[in-house]
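# Notes for the structure review
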Amino acid sequence: MKNILSIQSHVVFGHAGNSAAEFPMRRLGVNVWPLNTVQFSNHTQYRQWTGSVMPADHLVDIADGISAIDELKNCDAVLSGYMGSPEQGNAIIEIVKKVKVANPNAMYICDPVMGHPEKGCFVAPGVSEFLCNIALPISDIMSPNVLELEELNGKQTIHSVDEAVIACRNLCQKGPKTILVKHLSRAGYQKDRFEMLLVTPDEAWHIHRPLVDFGARQPVGVGDMTSGLFIANILLGKSLVTAFEHTTSSVYAVMLETLKRHQYELQLVAAQDEIAKPSQYFTATKID
Ligand SMILES: Nc1ncnc2c1ncn2[C@@H]1O[C@H](COP(=O)(O)OP(=O)(O)O)[C@@H](O)[C@H]1O
Ligand SMILES: Cc1ncc(COP(=O)(O)O)c(C=O)c1O
Ligand SMILES: [Mg+2]
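As the structure is a computational prediction, the values presented were derived from the model and not from experiment.

Turning our eyes to something else, we now look at the site of ligand 2. Every one of the 13 residues lining ligand 2 counts as a neighbour, but S9, T44, Q45, G221 and D224 are closest to it. Between G221 and ligand 2, the recorded distance is 2.8 Å, taken from a backbone N or O atom to an oxygen atom. At 3.0 Å from an oxygen atom of ligand 2 is found a main-chain nitrogen or oxygen belonging to D224. When ligand 2 sits alone it has 390 Å² of accessible area, and the protein chains cover 92% of it. Here the shell around ligand 2 gets 3 residues from one element, more than from any other, and that element is helix 7 (residues 222-235).

Laid out in C-alpha cells, this is it:
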C-alpha cells in the first residue's frame, strides 16, 4: 500500500483542500496521511468562514511524531496544497526534506494554490512568493492552473498552448520534471472545452473534456482533487499519461454528478464508483 502525506487545508463543511483530495485518493486505493494547514468551517469562496490557521511548527511537530515511530520511511509522496501562511511553506519544505532522508524515493508534488481574489479564493500574503522562490526548485511535480503557471514563470502572460508548454519547460529547468497544467482556460485551443496539459522535458500531452455548465457558481476544490488523483494514480504504478487521462476522466465524472444533483459542493461520495472506474474515458494527444 502506498502512502501519501497530504498537507493541505481542511474544511469541516464541504470539499476543498484535503477535504476534496483525501477521499478520492483513498477511493483509488492509496493510503492518505492528512496533515491540515488550516481548519476552516467552509472554503473561502463563501466569502465568510470561521476557524484557524495551524501554527507552522505544528506541521513539523506532527511529521516529527511520525518519524519518532519510524514510519516516515514509508511515506511515498508528499502532496502540498493550500497554505495558510508562508511560514507554513517553510515548515512544509522542512518536512519534505525529512521525508526524503527517510525515503530517498519519495516524491514531492506541489499544487501551487495562489488564490484568485476576484474569484473569492483567498491565500495569505507571501505564499505566492514562497511558491515561486522556495517550493519550485525542490518539487518533483507541480500542478498549476494557467494563472499560477504565469506567476511561477515570472508573471509572463500565456496566450496559447505553445506558450504554456514553453513556460512549463522553463519550470522543468528550475526543478520539477513533470508539470500538470490543471486548467488552461483562455490559453487553451477551444473556448468550449476544459483543457489540461502534461509537460515533461521531453514530451507534452494535451487533453480536453466538455465544459459542464454551472453558471456563475463553479464548484471549488476541483484543483485539489485533480492534483490528488494525479499523484495517487502515479503511485499506483500508472504511466504519467495514463495518470493524466484517468485523472481527467474521474474529475469529469464528479463534475457531472455534482451538476446532476444541483449542488455547489463536489459530490465525491455519490460519484465514488466513477472516481475509481470512470465510465467515460478521455484520452490525451501528444503535441510535442
Ligand atoms: N468540465 C468542467 N466544466 C466546467 N467547469 C469546470 C470543469 N472542470 C472544472 N471546472 C471548473 O474550473 C475551475 C478550475 O479552477 P481554476 O481556478 O482554473 O483551477 P483550480 O482548480 O486550481 O482552482 C473551477 O471553478 C471548476 O469548478
Ligand atoms: C480553504 C481552501 N482550500 C483550497 C482551496 C483551493 O480550491 P481549488 O481546488 O478550487 O483551487 C480553496 C479555494 O477557495 C479554499 O478556500
Ligand atoms: Mg486551485
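We now examine the sheet that holds strand 7 (residues 178-181). Taken in spatial order, the 10 strands of this open sheet run 3-2-1-4-5-6-7-8-9-10, and their pairing is mixed. The open sheet is flanked by strand 3 (51-53) and strand 10 (285-286), the only strands paired with a single partner. With 4 bridges connecting them, strand 1 (residues 3-11) and strand 4 (residues 77-80) associate as parallel partners. For I4, the partnering residue across the bridge sits in strand 4 and is A77. Relative to strand 1, helix 1 (residues 18-28) is tilted by about 145 degrees, and along the sheet it contacts strand 1, strand 2 (31-40) and strand 4. Here helix 4 (residues 127-138) sits on the sheet and contacts strand 5 (107-110) and strand 6 (141-142); the angle it forms with strand 5, its principal contact strand, is near 150 degrees.

Working definition: two side chains of opposite charge can pair if their charged atoms are close together. Following the criterion strictly, the structure yields 12 salt bridges and no others. Notably, a salt bridge pairs R186 with E150, separated by 3.0 Å at the nearest N-O pair. Residue R186 is found in the loop between strand 7 and strand 8 (193-199), and its partner E150 is found in helix 5 (residues 146-152); the two are separated by 36 residues along the sequence. We classify R186 as partly exposed; its relative accessible area is 43%. Salt bridges linked by common partners bring D111, E148 and K182 together as one network.

Near ligand 1 there are 15 residues, and of these K119, H183, R209, V212 and P219 occur at the shortest range. K182 places a side-chain nitrogen or oxygen 3.1 Å from an oxygen atom of ligand 1. In this structure, an oxygen atom belonging to ligand 1 sits 2.7 Å away from a main-chain N or O atom of P219. Within the residue set of the shell around ligand 1, elements represented by two or more residues are strand 9 (204-210) and helix 7. For the shell around ligand 1, the residue count by class is 7 nonpolar, 5 polar and 3 charged.

Another point: the UniProt feature "binding site: ATP" (unreviewed entry) in the protein. UniProt's feature table lists "binding site: ATP" (unreviewed entry) at D111, E148, K182, R209, P210, L211 and V212, given in the numbering used throughout. Of the residues just listed, which span 102 residues, the most distant C-alpha pair is 23.3 Å apart, and they do not cluster in one region. Note on E148: relative accessible area 4%, which makes it buried. With residues near it in sequence (within four places) discarded, E148 still touches D111, P112, V113, M114, G115, S143 and K182.

Its identity as a non-glycine residue notwithstanding, S185 has a phi of 40 degrees, on the positive side. With respect to the helices and strands, S185 occurs in the loop between strand 7 and strand 8. Residue classification places S185 among the partly exposed residues on the basis of a relative accessible area of 34%. One non-glycine residue, H262, adopts positive backbone phi at about 55 degrees. The exposure class assigned to H262 is exposed, which follows from its relative accessible area of 73%.

Right, let's get into the packing of aromatic side chains. Here a ring pair, both rings aromatic, is described through the centre-centre distance and the interplanar angle of the planes. Inspection of every chain in the model, using the stated rule, returns 4 aromatic pairs. Where F13 meets Y46, the ring centres are 6.3 Å apart and the plane angle is 65 degrees; that geometry is what we call edge-to-face. Here the residue F13 occupies a position in the loop between strand 1 and helix 1, and Y46 occupies one in the loop between strand 2 and strand 3, the gap between them amounting to 33 residues. Ring plane angle 35 degrees and centroid distance 5.7 Å describe the contact between F40 and W49, whose orientation is recorded as tilted. Owing to a relative accessible area of 8%, F40 belongs among the buried residues under this scheme. Taking relative accessible area as the criterion, W49 reaches 32% and is therefore assigned partly exposed. A cation sits over an aromatic face here: R217 above Y264, 4.0 Å from the ring centre.

Rules used in this analysis
Residues numbered from 1 in each chain as written. Chains lettered and ligands numbered in written order. Predicted model: local features only at pLDDT ≥ 70, side-chain atom pairs only at ≥ 80, totals over all residues. Heavy atoms only, no water. Near = heavy atom within 4 Å. Polar contact = N/O pair within 3.5 Å; in protein donor to acceptor, adjacent residues only side chain to side chain. Areas by Shrake-Rupley, 256 points an atom, 1.4 Å probe, with all protein chains shown as cover. Helix = DSSP H or I, 4+ residues; strand = E, 2+ residues; numbered from the N terminus. Pairing = 2+ DSSP bridges. Contact = heavy atoms within 4.5 Å. Axes fitted to C-alpha atoms, helices over the stretch in contact; angles between N-to-C directions. Salt bridge = Lys/Arg side-chain N within 4 Å of Asp/Glu carboxyl O. Buried < 20%, exposed > 50% of the residue type's maximum accessible area, 1.4 Å probe, protein only. Nonpolar A, V, L, I, M, F, W, Y, C, P; charged D, E, K, R; others polar. UniProt positions renumbered as here; feature names shortened; annotations may be inferred. Phe/Tyr/Trp six-rings, centres within 6.5 Å; stacked < 30°, edge-to-face > 60°. Lys NZ or Arg CZ within 6 Å of the ring centre and 35° of its normal.

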